[in-house]
Each structure stands twice: as structure tokens, then as C-alpha cells.
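Chain and residue survey
The primary structure of each chain is shown beneath.
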Amino acid sequence: MGTAPAMVLEVKNLRIEFPTRRGTLVAVDGISFSIAPGEVLGVVGESGAGKSLTGTAVIGLLEPPGRIAAGEILLEGERIDNLPHEALRQIRGRRIGAIFQDPLTSLNPLYTVGEQLVETIRTHLDIDAAEARDRALALLREVGIQAPEARIDHYPHQFSGGMRQRVVISLALCAEPRLIIADEPTTALDVSIQAQIIQLLKKLARERGTAVMLITHDMGVIAETADRVAVMYAGRIVEIGPVREVVRAARHPYTAGLMGSIPKIRVASAQMHAPLVQIEGAMPRLNAIPSGCAFHPRCGKSFARCRTERPEPRPVGSNLTACWLYDEHNAAPA
Amino acid sequence: MLLRLEDLGRDFDVSRPWLNRVLEGVPRQLLHAVDGVSFEVRKGETLALVGESGCGKSTVARLIVGLYAPSRGRIEFDGVEISDPEAKAATARIRRRMQMIFQDPYASLNPRWRVRDIVAEPLRVLGLAADDAQIAARVAELLKQVGLAPEDGEKYPHEFSGGQRQRISIARALSGRPEFLVCDEPTSALDVSVQAQILNLMTELQARLGLTYLFISHNLAVVSHVADRIAVMYLGRLVEIADAEELFARPKHPYTRMLLDAVPDLEMSGRQRTPVAGEVPNPLSPPPGCAFHPRCPHANDRCQAERPSLIWHGEAASACHAVEENRI
């Protein structure tokens, strides 16, 4: 997967654990991926798959008792998962920007948007207040806020949901980070606004060469935005590959089921009421992750080996897929 | 015709407190959450009501089941008016024939009740079972019907996942043997694989029990799987209503077109999407004329001045000057 310095972010065998009185819960179990400059990597999965936790670990905001138990996180070739708090704090915002789901809780309601932008800019860059304000105006313009001169002194509550999310994006961009972690950035927004924010993220990645880790449960958003996509299930990456390949020709049975269960607009009435593909059951709880392949109890194609041995991601076409169906030692791959 | 809404309206008083109004000299302020909405739901069909947040679709649902009283207009169920606050007895008899499924299965089930009591509540309240044995039998039957085990009745809601909880609320809604279900975003809080399970279950139950659904959703893709007809709302008013097939193939109102365009393209066909401009305006001061005109690429002077009314052409209707004048 490319040479080390070329990648903005590299995650190697990351394992996140939550020690509890009743034993250790493994929320993220040995995942590896990397993101190149200007690339949008979608991380998709259902609730509890560990996708947000992975993002949190990368920005170093994992809350105790959660901890990184194994693995490495490298930002531009430099290891950041073992840095002390203060060093991490300087990387956050400066080299890694974050966008969260709810734009209202990401902004301080007591300060104007301009004050928050200027403060953030001056924390990371050594420039004076007037310069910082000009920069804030330019950022607001870049994220598509009309007449930023008039809006910069407004408070967050004076913005609509979509505009607020734009402000949050401009905050994340303040110090020109190399990497942006966007955790469900469009989930709280209406569909029409969602499309605008997706376009904006895409444009920023392309024009600024920023690497984006886009975490979402919405395959539609991934299909529109991401270059590559990692599908997570029960703390593991089950499939990772170019978005077209994953969306159109999913190899892993979970990805295939997930794609089939997404309602799509159908025009002919004969198709309209055809039942959706459904995956029986639900994602396992962390204290009861099945042995072998975590998906085997819900998988229609599982066989003996799936119950005992855990599959590692291996190349299948242009994807990496963690599934025994594609192992050459098995007689009949589907 | 099972349900008929006629020029239905509901205002909410969002004025500042009396003292502020007196001291600051500000007038009362009314929010027209639902304004002049008329449509019919036919027996056995699924009518979907779609729109973005704040368009009034949930308010319509609540008006129909009687959680809100209408400010204007009337609601008829099976030929009987149920919006008249005076006719309580007649209304109560009718209301047993409809039930509601709510969006959030974490908030709509009492956490301190066992599932069997939750599902049995309508039976007890409506007096539909003679004794406890009958109730237990009916609860077991209902749980099986929605894909749960009768033993699950002993558990509490927190022992279930979101999808299973939504199954419990469906069982509860079905326990009074209603004909008509109002489903307010029943799957939007669920993961997509679970959403597919619930949508399939609802379709299957409809076929088996001959139910009529009013299905409220913001997601057109979800709606395309369940709806026979679709009504689109914008800022408290109906802008278009048509057969599902017709609406997806030939959307008329520019807002419907915009909503369809905003659905992410999963087929990766590389289809060019018209960028959607602007956001839903503040419902407290809706734009004059057609409320959609500031975001509409086809708006002209007439759209800014005159509010379009819903005009029927056969089975479909839309409220748009541009459509009516054949400009689009």
C-alpha cells in the first residue's frame, strides 16, 4: 500500500480495548488502513462497528477507560499514538482537523463565529488579530458562506443547520491540517443540505490535497464522496477497496448484504414492492463477539472454518477482503 | 376512502410571554405548522408523506391520531368526522381503529414495563380481552407475528436492540386490531440492515392483515419501497401528490425534483446532480407567494406574489405556477 512517507495517515493493527470489571471488551480489533493526500477514505459500518472509535483514537481523544492496546498510528510517517498529551494537543487542530455530527455542540454558543475562528487560527499560526480575521473571512467564503463580512460577527444560533456545519468545517480548516476526520458530518442535516456539504468536503480534499477520513453509516454519502471505502463490522475491517468496487461488486457477504439492504429509488412498479435484502439478526454486542469470523452467525455462506478461524484481509480483485470464501485452500469460492 | 383531510390547519402559538409582549410591544406570533392540507387515504394503500424537517409532516400525523386538535379544517375517518371536539363518543369509537408507530423506539416504550405489559396495554385499555389468559395468548400471537419469541414478553425494553424494540412497538400498535396505522419515520433511527428488516415486516403485515398505512418519512428511497402514492410537503403545505411510480418517473413540482436529485447516487452512474441551492426558510416568516420561490430555479414574479393552489390533473396534483403555465 504505497511507501510510508507518501501517506498522510497510516493505521497499523490498531486495537482499542475497554477494561471493565467483567473482563476486557475489544471494540476495535487489529485494523489497518492508510489515507493518501487528497484522498477521501470512507469508513462505513452500522452502530457499534467501531468506526467512530477509530476516528477518536486517531485524534487522540479516546476517553478512559478506553485505550489503545496495540498497534500504531502514523501521521505523515511520524508515530502519534504514543505522544504525551501536550504534544498531541498541538497536533490536533494544527495537523488534524475534526468535524463532528452535531454542528451546534461543536461551536461555543457564547462567542461569535469570528471570535472562535480567530482564536483557533491564532492558536495554531503566528499571526496578528487583523490578519487572522482576514483569514477567517477567506475561510468562510471558501466553505460557501455568502457575504461573510456580514456573518462573521454572528453567534452560532443565528446560523441554520447547514450553515453551522459549514462554519465547523471552516474551523477544522483553520490551520490547514493535512488530515480531516469527519464523523457523520451530514447525519444531522436534511437531504438537500447534505448534498451541499458532501460537495464541499470533496472540493476541499481535491483542491487542498487534504486527506479526509469520512466516518458515516450512510453508504449513499460514501458512494458520492469517497475514493476508497473501508467497511467495518464488530471492530474489524471486513472489506476495503476503491469505492466503485465495493459499491458495485462487494466481495464480503456482509458488504453485499449491507448494499442490498439500502433502499434505492425504483421507478418501475414491478420492482417497487419487492422486498429488500435483509441480514438476519443484529450486530453482536462487544461482550459476545462470535469466534472466528465475527459475521458467521448472520452469514448465509458460512462454513466450518468461519466458526473457528478468524480471516484476515487478503487481496481479492482490487479489494482487501476478510473472508474465507476467497481463500485458495477452500474448494468452492462463491 | 378510509381517511379524508379537508383544508386541515394547525397553528402553534410561539409568542413571547405576556409580560414581554406588553413591555416590548411585540404582537402575538403564530406558527402555521400545517396550512390548508387536503388529501385522502384509500383503504389498503400506503400513502407516504415526505418532506424535510419542519415541513409539518409529523404534525399532520399527530392531528390525525388526535394528539393535537386542528386549528382549521376537518378530518374524516370512514365517513365520520373525528376532528370535532364536541363529538367525543363517536370519535373515541373511531380512534380505536387507528394506531401510531413512533420514530424513536428508545423513547416510545416504557422502560419499567415488561414487554408483555407494553403489548397488552391497548387490549386492557380498550377492553378487548375477557381475561388474563386471553391477553397472554394474544400477546404471544402478536410477538410471533412481528418476529419475536413469546418468551420475549418477560423481558424489559432495554434487553432489546433498536430493531427489536421497533418490532415491539409494531406489536403494540397491532394489538387493538387497527385498520389504519400512522407510521412516523418508523425506521429513521435504525441501522440500514435493520431498517430493511422492519420495512419488509411492515409490507408483509400489510398484505396479511389488510392494513392501510400513512407512512411519514424524509427519505425518498425508503418511501419508494413501501408507498403506493406519495404526498410531498414543504413549509406546512402540500406541494405535490401522485402515484409513486408517476412521481419518481415524472416529478412535477420543482421541490420534488430537488428532493429526488438530492438522493445520493448509489448506482454510481455518474449522474450529474443539480446543486441544491439554499435552505428551508424560517417557518415563522415564510416567503410570500409560493414558499419555495427563493430556492426555485423557475420562479418568476407571479411565484413571488401569488400563492399557488393544488391543482388536480386526474390522479395527480401539484401546487406550482410554472407547472400550470407549462413553463417546466
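Residues numbered from 1 in each chain as written. Chains lettered and ligands numbered in written order. Predicted model: local features only at pLDDT ≥ 70, side-chain atom pairs only at ≥ 80, totals over all residues.

**Some words on the overall build of chain A**
For clarity, the cut-off: Helix and strand assignments come from DSSP, with helices taken as H or I runs of at least 4 residues and strands as E runs of at least 2, each series counted from the N terminus. Radius of gyration here is computed from C-alpha atoms only, and the compact-globule reference equals 2.2 Å multiplied by the residue count raised to the power 0.38. Buried residues are those with 20 or more other C-beta atoms within 10 Å of their own C-beta, exposed residues have 12 or fewer, and partly exposed residues lie in between; C-beta atoms are placed from the backbone. The contact rule is simple: place each C-beta atom from the backbone, and if two of them lie within 7 Å, those residues are in contact.
Scanning chain A from N- to C-terminus turns up 13 helices and 12 strands. Relative to the 2.2 N^0.38 estimate, which gives 20 Å for 334 residues, the radius of gyration of chain A is 21 Å and therefore close to what a compact globule would have. A principal-axis box enclosing the C-alpha atoms of chain A has dimensions of 70 × 55 × 40 Å. Residues classed as buried in chain A amount to 47% of the 334 residues present. Taking the intrachain contacts of chain A between residues at least 6 apart in sequence as the baseline, contacts between residues at least 24 apart amount to 63%.

**Some remarks on the overall build of chain B**
For chain B, the count of helices and strands is 12 helices and 12 strands. In terms of overall dimensions, chain B is globule-like: its C-alpha atoms have a radius of gyration of 21 Å, near the 20 Å expected for 328 residues. Projected onto its principal axes, the C-alpha coordinates of chain B cover approximately 70 × 60 × 40 Å. Per-residue burial over chain B gives 44% buried out of 328 residues. Of all intrachain contacts in chain B linking residues separated by at least 6 positions in sequence, the fraction that spans at least 24 positions is 65%.

**Here we look at the sheet that holds strand β4 (residues 72-77) of chain B**
Residues and elements named next belong to chain B. What counts, and what does not: Strands are treated as partners if at least two bridges between them are detected by DSSP. Lines fitted to the C-alpha atoms define the axes, with helices restricted to the stretch that makes contact. Angles between their N-to-C directions range from 0 to 180 degrees.
In spatial order, the strands read β2-β1-β4-β5; together these 4 strands make up an open sheet with antiparallel pairing. The two strands at the open ends of the sheet, each matched to only one other strand, are β2 (30-41) and β5 (80-81). In this sheet, β2 lies alongside strand β1 (residues 3-13) in antiparallel orientation, the contact comprising 8 bridges. Bridged to D13 within β2 is L30. This element, helix α2 (residues 57-65), spans β1, β2 and β4 of the sheet and lies at about 65 degrees to β2.

**A word on the packing of helix α7 (residues 161-173) of chain A against helix α8 (residues 191-208) of chain A**
All names here are of chain A. The line we're drawing: For classification purposes, an angle smaller than 35 degrees is called roughly parallel, one larger than 145 roughly antiparallel, one from 65 to 115 roughly perpendicular, and anything else oblique. Each helix crossing is assigned a hand: it is left-handed if the near helix lies turned anticlockwise from the far helix by less than a right angle, otherwise right-handed if that turn is clockwise.
Two elements in contact, α7 and α8, have axes whose closest approach is 10 Å; the angle formed by their N-to-C orientations is 15 degrees. On the basis of their axis angle, the class for α7 and α8 is roughly parallel. Viewed along their axes, α7 and α8 form a crossing whose handedness is right-handed. Where α7 approaches α8, its residues G161, G162, Q165, R166, I169 and L173 are matched on the opposing element by I193, Q196, I197, L200 and L204.

**Considerations on the sheet that holds strand β12 (residues 319-321) of chain A**
Residue and element names in this part refer to chain A. Sheet architecture is open: 8 strands sit in the order β6-β7-β8-β3-β9-β10-β12-β11, paired in mixed fashion. Both outer strands of the open sheet, β6 (96-99) and β11 (314-316), are each paired with one neighbouring strand and no more. Shown here is a sheet whose adjacent strand axes are inclined to one another by a mean of 20 degrees, direction ignored. Bridge count between strand β10 (residues 236-242) and β12: 2 bridges; the pairing is antiparallel.

**Remarks on the packing of helix α4 (residues 113-124) of chain A against helix α5 (residues 129-142) of chain A**
Residue and element names in this part refer to chain A. So the rule is basically this: When residues are grouped by polarity, Ala, Val, Leu, Ile, Met, Phe, Trp, Tyr, Cys and Pro land in nonpolar, Asp, Glu, Lys and Arg in charged, and all others, Gly among them, in polar.
At a minimum axis separation of 9 Å, α4 and α5 run at an interaxial angle of 115 degrees. Once α4 is placed against α5, the crossing between them reads as right-handed. Contact residues: G114, L117, V118, I121 and R122 in α4; A129, A132, R133, R135, A136 and L139 in α5. Of the residues assigned to the contact of α4 with α5, the class counts are 7 nonpolar, 1 polar and 3 charged.

**As for the interface of chain A and chain B**
Taken together, the contact between chain A and chain B spans 39 residues of the former and 35 residues of the latter. Looking at the side of chain A that touches chain B, the elements that each hand over two or more residues are α8, α9 (219-225), α10 (243-248), α11 (253-261) and α12 (269-272) of chain A. With 7 residues, the single largest contributor to the side of chain A that touches chain B is α8(A). Taken together, the residues that form the side of chain A that touches chain B break down as 18 nonpolar, 14 polar and 7 charged.

**Structural notes on the confidence of the model for chain B**
Definition in use: Residue-level confidence of the predictor is what pLDDT reports, using numbers from 0 through 100.
Across chain B, the average pLDDT comes to 90, with 97% of residues at 70 or higher. Confidence estimates for the predicted assembly give a pTM of 0.84 and an ipTM of 0.78.

**Details of the environment of I16(A)**
All names here are of chain A. Mapped onto the fold, I16 is located in strand β1 (residues 9-20). Residue classification places I16 among the buried residues on the basis of 23 C-beta atoms within 10 Å. As for I16 and R305, which are separated by 289 residues in sequence, their C-alpha atoms are 26 Å apart. If we skip the residues at most four places from it in the chain, I16 touches A27, V28, L53, A57, L62, G66, I68 and A69.

**Examining unusual backbone geometry**
Note: most peptide bonds trans; most residues except glycine with negative phi. Residues and elements named next belong to chain A. For the bond from P64 to P65, the omega torsion is 10 degrees, close enough to zero to count as cis. One can find P65 in the loop between α1 (51-59) and β4 (67-75). The phi angle at E176 is positive, at roughly 50 degrees, despite the residue not being glycine. Looking at the element boundaries, E176 is found in the loop between α7 and β7 (179-183). Given 14 C-beta atoms within a 10 Å radius, E176 is considered partly exposed. Backbone geometry at E184 places phi at a positive 50 degrees, although glycine is not the residue there. Looking at the secondary structure, you find E184 in the loop between β7 and α8.

**Brief notes about the environment of T212(B)**
Residue and element names in this part refer to chain B. Positionally, T212 belongs in strand β8 (residues 212-217). Placed 34 residues apart in sequence, T212 and P178 show a C-alpha to C-alpha distance of 9.2 Å. Sequence-distant contacts of T212, defined by excluding residues within four places in its chain, comprise L2, V41, K43, G44, E45, E179 and F180.

**Let's talk about α5(A)**
All names here are of chain A. Keep this limit in mind: Expected helix span is given by 1.5 Å per residue-to-residue step, counting one fewer step than there are residues. This arc is built from the directions going out from the helix axis to the C-beta atoms.
In this model, α5 (14 residues) spans 20 Å end to end at C-alpha, consistent with the 20 Å of a helix rising 1.5 Å per residue. A132, A136, L139 and L140 are the residues of α5 that are buried. Down the axis, α5 shows its buried residues gathered within 95 degrees of arc, on one side only. Facing away from the buried surface of α5 by more than 90 degrees, the exposed residues are A130 and A138. Packed against the buried residues of α5 are α4, α6 (148-151) and α7.

**Focus: α2(B)**
Here α2(B) lies mainly inside the structure; 7 of its 9 residues are buried. Turning to α2(B), its buried residues number three or more, namely K57(B), S58(B), T59(B), V60(B), A61(B), L63(B) and I64(B).

**Things to note about the pairing of strand β9 (residues 229-234) of chain B**
Side-chain positions along a regular strand alternate between the two faces of the sheet. Residues and elements named next belong to chain B. The element β9 is extensively covered by neighbouring structure, given that 6 of its 6 residues are classed as buried. Going residue by residue along β9, you find R229, A231 and M233 tucked away on one face and I230, V232 and Y234 tucked away on the opposite face as well. Where strand β3 (residues 46-50) and β9 come together, 4 bridges link them in parallel fashion. Paired with L49 across the two strands is A231, which belongs to β9.

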